[in-house]
Amino acid sequence: MTQNPFTAVFDAQRTALEQSQSFAHEALEAQQTSISAVADVVETSGSLAESNAELTKGAVHAYFDALEASMPEEAAEFDDLRDLVDESFDSATEAQSQSLEAVLEALEESELAYEEFAANYSEVVDSSFDAALEAHEQVEENVEAVAEDVETAADEFDASA
């Protein structure tokens, strides 16, 4: 490749195109990673919710124990309340677990669909950038040829003077 005033411009343009292609791939990967991260957060929140339910259930039981201890013996029966609390928390925890499982399943399906989309889009991006780089190379060759012709003509003009 001959050096001419446009060589640096073409080099900068080619570098910009190649960086844009890399950025497009990096953006696709970042989006894919974020879907996985959301799934991890949802999964973790399910564990936290279960722990929170157990902790709260234990606190309510402790409250009933304290109330029962402060009352005269057999003044009130808290076993039914304890059972109601247990059933309520278990039911709520189960409903929440099912909801989180549905969300995780949807996220997994979304992740698979995005992987397919990303693969197809990557192919389009690559072929588009390849075509742009080929066109860019052709323009650069044409400009280089014109520059050489101008240089040759200028040398001939100087020689005949």
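Each chain carries its own residue numbering, running from 1 in the direction its sequence is written. In keeping with the model being predicted, local features are shown solely for residues with a pLDDT of at least 70 and side-chain atom pairs are shown and tallied solely at 80 or more, while totals for entire chains, interfaces and linings include all residues. Water and hydrogen atoms were dropped before computing side-chain values, which therefore reflect all heavy atoms in the structure.

We now examine the pattern of salt bridges. We define a salt bridge as a side-chain nitrogen of Lys or Arg found within 4 Å of a carboxyl oxygen belonging to Asp or Glu. According to the stated counting rule, one finds seven salt bridges in the structure shown. The partner of Arg14 in a salt bridge is Asp11, and the shortest N-O contact between them spans 2.7 Å. Taken as a pair, Arg14 and Asp11 lie in helix α1 (residues 7-70) at a separation of three residues, close to a single helical turn. Measuring nitrogen to oxygen at the nearest pair gives 3.5 Å for the salt bridge that ties Glu54 to Lys57. On the criterion of helical spacing, the pair formed by Glu54 and Lys57 is a turn pair, its members being three residues apart in helix α1. Burial classes: relative accessible area under 20% of the type maximum marks a residue as buried, over 50% as exposed, and values in between as partly exposed (1.4 Å probe, protein chains only). For Glu54, a relative accessible area of 49% corresponds to the partly exposed category. You can call Lys57 buried: its relative accessible area is 10%. Within the structure, one salt-bridge network assembled from shared partners comprises Asp65, Glu68, Asp79 and Arg82. In DSSP terms, a helix is any run of H or I states spanning at least four residues, a strand is any run of E spanning at least two, and both are numbered starting from the N terminus.

Let us now look at the nonpolar core. Among soluble globular proteins, nonpolar side chains are generally buried collectively. Residues enter a nonpolar core if they are buried and are Ala, Val, Leu, Ile, Met, Phe, Trp, Tyr or Cys, with the set joined through side-chain atoms within 4.5 Å. With five residues, the main nonpolar core is built from Ala39, Val42, Leu100, Leu104 and Leu107. Sorting the residues of this core by element identifies α1 and α2 (79-160) as the ones contributing at least two each. A total of three residues in this core trace back to one element, the largest contributor, which is α2. The contact rule is simple, with two residues in contact once any of their heavy atoms fall within 4.5 Å. If near-sequence neighbours (up to four positions away) are discounted, Val42 is found in contact with Leu100, Val103, Leu104 and Leu107.

Moving on to a negative patch on the surface. Patch membership is restricted to residues that have no salt bridge and whose relative accessible area is over 30%. Joining uses 9 Å for like charges and 5 Å for the nonpolar side chains Val, Leu, Ile, Met, Phe, Trp and Tyr. Per-residue accessibility takes into account occlusion by the displayed protein chains alone, with areas from the Shrake-Rupley method and a 1.4 Å probe. When charges are counted, Lys and Arg contribute as positive and Asp and Glu as negative, whereas His and the chain ends are disregarded. A charged residue contributes its charge at one atom only: NZ of Lys, CZ of Arg, CG of Asp or CD of Glu. Side chains of Asp40, Glu43, Glu50, Glu94, Glu101, Glu105, Glu108 and Glu109 sit close together on the surface and give a patch of like negative charge. Only α1 and α2 provide two or more residues apiece to the negative patch. If one sorts the elements of the negative patch by residue count, α2 sits on top with five residues. The topology assignment puts Glu108 in helix α2.

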